[in-house]
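Survey of secondary and tertiary structure
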Amino acid sequence: MALQTSIARCNARVGRAPAARVAVKPQYVRGAAQVVAAKKKEIMMWEALREATDEEMERDPTVCVMGEDVGHYGGSYKVTYDLYKKYGDMRVLDTPICENGFMGMGIGAAMTGLRPIVEGMNMGFLLLAFNQISNNCGMLHYTSGGQFKVPVVIRGPGGVGRQLGAEHSQRLESYFQSIPGVQLVAVSTVANAKALLKSAIRSDNPIIFFEHVLLYNIKGETHDGDYCQSLERAEMVREGTDVSIFTYSRMRYVVMQAVAELEKKGYNPEVIDLISLKPFDMETISKSIKKTRKALIVEECMKTGGIGASLSAVINESLFDELDHQVMRLSSQDVPTAYAYELEAATIVQPNQVVEAVEKMCSKVAAAV
Amino acid sequence: MALRSASTQLLGRAGLLPAAVCNAFHRCMSTSDKFSVEVLPFKAHRIEPPNNVVETSIDELVGMYELMYKMRRMEIAADMMYKAKLIRGFCHLYDGQEAVMTGIEAALTKEDAVITSYRDHCQHLSRGGTVKEVMAELMGKRDGASKGLGGSMHITAAFGGRGGASKGLGGSMHMYNRQANFYGGNGIVGAQIPLGAGLAFALKYQKKPNVAIAMYGDGAANQGQKYEALNMAGLWNLPVIFVCENNHYGMGTAEWRAAKSSTFYTRGDYIPGLKVDGMDVLAVKKSMEFAKAYALEHGPIIMEMDTYRYHGHSMSDPGSTYRTRDEISTMRQERDPVERVRKLLLAKGYDAAAIKAMEKSVKKEVDTAVEESKAAAIPPNEWLWRNVYVAPANMDMRTVEGTYVQPTYDPTYSS
């Protein structure tokens, strides 16, 4: 019951990425007036995720972590660094390399009331655990007639890194999105990483939590205190009027790079970080489209069957009359991600493509007027 | 009932008393008194097996017989309902294997956890569910174990016994009973094995003095995830008992055509195992008592139950294209688990009329359950969107018609 109240409290908050906040703390030295601005500490995303994990494990003894090398090795991306020293081997469990097995084990434990965080060393490896995630995780609450909750967080890095090769560069959000009963969340900043992970751990639903290989070392500030961010709300990154750009994960930064370019050219794009890939925050999305009348989706998912494909269909179906231009969708090419640097770069969306897309949309619409 | 003197007992056993006195003596024996029965010796792998003498009593046997007979009648009724097209989809029947689950329950409490495959109707019964909950679930009615949502492979019993198992949402393969620690009911072969390891992990994590039983078949024994679960269970000494219900056929493929090694109790390698006569409920009980004690102290153990299913793999399978009718009928005549207990009870002087009365009452219970399930209501359309999520917030689900619907949450299905 207490858990439900706190979840309700978490869900009631609308997630919003704060502008870089600097806490100014005036310091007065006797005899002289000196104002020293004390900056809030900046940490890396992996540290923020670690803080979230640590805080939630301390708060709730049923929260535990399991995955490959999460314990003694320190976590392959340091998200669980040294946590085993504080919580012991059972709560920070080093599993053998058997994704199907330990995913099933984590879900079985969740059915009894534990709250495991199952880490996929790379989200791509979780293809081996797909059956457990789909049938026993997503669908179980429904098919058991509401008897069994599966409060599990399945987290790990996905996305295209730096020449990691096709099998280590997969984007699984497109495969998981159709599973009934799961929620999909993609983090992008230090602030939302910590706040969303806390919410995900407290949620009674199974949350598939996408991090990105290239974002672990980005720096930023976390929210104060026990801040939990809503798992179902998108984030307004930049308010604008010309076009609504919907994005998530690392592509947020690609978009903002393009936005810097677009601003110089006199455009005023609105950028929304989806955060919740399932369900879509249609309230925020439709509000934006009604304002700008143009939608551009920028994602790292594959063109075929990606998150963008679903979102594009929903926008077309529900907001057709609000659009002055067909929905544009920049996604990854439907090819395996090559090892070679140039080919890898050609597979995923680059800032110049975003700039071109916005220019094209806006000029076409302007010409039609 | 009072006991006659010790001398009468001795004389009676030595055959020195006339039959009438013997019979009279037996009738005077207390039904809670323990006596010993010999079972087939256990085959063991990396462990010293328990001896093959089992203690039981009339009371216990009567309880076991009632449960097994109920299982048998229920499965036969399911067969008829399936042929009458009142049960649809897949329906995997357990008749022939009753001794396995009944014997397991005799060694466990409801604090121990059980998880099994799609052949789960009888597990729901043994874990405290009712025939009505199973039947209603199979017919996809709201009073079913999983509210009609799970179906045959997903039977679970609801909180407080309200209504049925999965409310018609699970169906045949999805029966569950949370209160009795019955975790279903799983459609995908072998997927329940790592889940079972997870149940044991949670028991160990919460320091509970209980075990988890992960049941699977000879077909599932070749799944990779079984070995992943065995490895983890062995590594961390999880209190899990892996029960392989070897009915010798994985759907239509005989064990010797699917497994290089069909001595399933040895396939845990470093994990000890026992092979048990799965058609003898007392052998199962003894072996499971042994297994529970072992699992609590040391860790995982494999129990191979040598059993048999009379029906085919499911109702879609006649069960005769890959085995002979002779084999099936021989099994019925020589090793039927329900008949065995009945014979034992009669041999021990239990009143045949009392058995008949109990059978009649069970038949009536099953018939009533069938009739009530036929007449029961189907799950209402509102249940389509219920309990997809727990306490959903800010969630609009898009419908096929292009509208949005708010998913609801009510695990009691109060409306």
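In the block above lies the structure referred to throughout.
Procedures and definitions
Residues numbered from 1 in each chain as written. Chains lettered and ligands numbered in written order. Predicted model: local features only at pLDDT ≥ 70, side-chain atom pairs only at ≥ 80, totals over all residues. Heavy atoms only, no water. Helix = DSSP H or I, 4+ residues; strand = E, 2+ residues; numbered from the N terminus. Buried < 20%, exposed > 50% of the residue type's maximum accessible area, 1.4 Å probe, protein only. Contact = heavy atoms within 4.5 Å. Buried area = accessible area lost by both parts, 1.4 Å probe. Salt bridge = Lys/Arg side-chain N within 4 Å of Asp/Glu carboxyl O. Polar contact = N/O pair within 3.5 Å; in protein donor to acceptor, adjacent residues only side chain to side chain. Nonpolar A, V, L, I, M, F, W, Y, C, P; charged D, E, K, R; others polar. Pairing = 2+ DSSP bridges. Axes fitted to C-alpha atoms, helices over the stretch in contact; angles between N-to-C directions. Phe/Tyr/Trp six-rings, centres within 6.5 Å; stacked < 30°, edge-to-face > 60°.

So, the side chain of B:E304
Residues and elements named next belong to chain B.
- Among the secondary structure elements, E304 is positioned in strand β12 (residues 301–306).
- Taking relative accessible area as the criterion, E304 reaches 0% and is therefore assigned buried.
- The residues touching E304, leaving out its near neighbours within four places in the chain, are C244, N246, S262, T263, F264, Y265, L274, K275 and V276.

Some points on the interface of chain B and chain A
- In this assembly, 56 residues from chain B lie in contact with 54 residues from chain A.
- Summed over both partners, the interface of chain B with chain A buries about 4,300 Å², with 62% contributed by carbon and sulfur atoms.
- For A:E317, the salt bridge is made with B:R398, and the minimal N-O distance between the two is 3.1 Å.
- Scanning the region where chain B abuts chain A turns up 19 residue pairs in polar contact (both at pLDDT 80 or more).
- No other element matches helix α7 (residues 192–205) of chain B, which puts nine residues into the side of chain B that touches chain A.
- Broken down by class, the residue content of the side of chain B that touches chain A amounts to 35 nonpolar, 15 polar and six charged.

Some words on the sheet that holds strand β4 (residues 113–115) of chain B
Residue and element names in this part refer to chain B.
- Across the sheet, six strands lie side by side as β2-β11-β12-β8-β7-β4; this open sheet has mixed pairing. Bordering the open sheet on either side are β2 (43–45) and β4, each of which pairs with just one other strand. Across the sheet, the axes of successive neighbouring strands diverge by a mean angle of 20 degrees, strand direction being ignored.
- As defined by bridge partners, β4 adjoins strand β7 (residues 212–217) across three bridges and the pair is classed as parallel. Note that in β7 the partner of V114 across the bridge is I213.

Section: the sheet that holds strand β13 (residues 295–302) of chain A
Residues and elements named next belong to chain A.
- A sheet is described by the order of its strands in space; here five strands give the open sequence β9-β11-β10-β13-β14, paired in mixed fashion. Here the strands that pair on one side only, and so sit at the sheet edges, are β9 (235–238) and β14 (328–332). For this sheet, the mean angle separating the axes of adjacent strands, direction not counted, is 25 degrees.
- Bridging between β9 and strand β11 (residues 270–273) involves three bridges; their strand directions are antiparallel. If you follow E235 over to β11, its bridge partner there is D273.

Focus on the packing of aromatic side chains
Residues and elements named next belong to chain B.
- Enumeration according to the criterion identifies 10 aromatic pairs over all chains in this entry.
- Ring geometry for Y65 and Y69: centres 5.8 Å apart, planes at 20 degrees, overall stacked. Pair noted here: Y65 and Y69 are both in helix α3 (residues 58–83), with a separation of four residues, about one helical turn.
- On the basis of relative accessible area, Y65 is assigned to the buried category, the value being 1%.

Worth remembering: the numbers are spatial, not functional.
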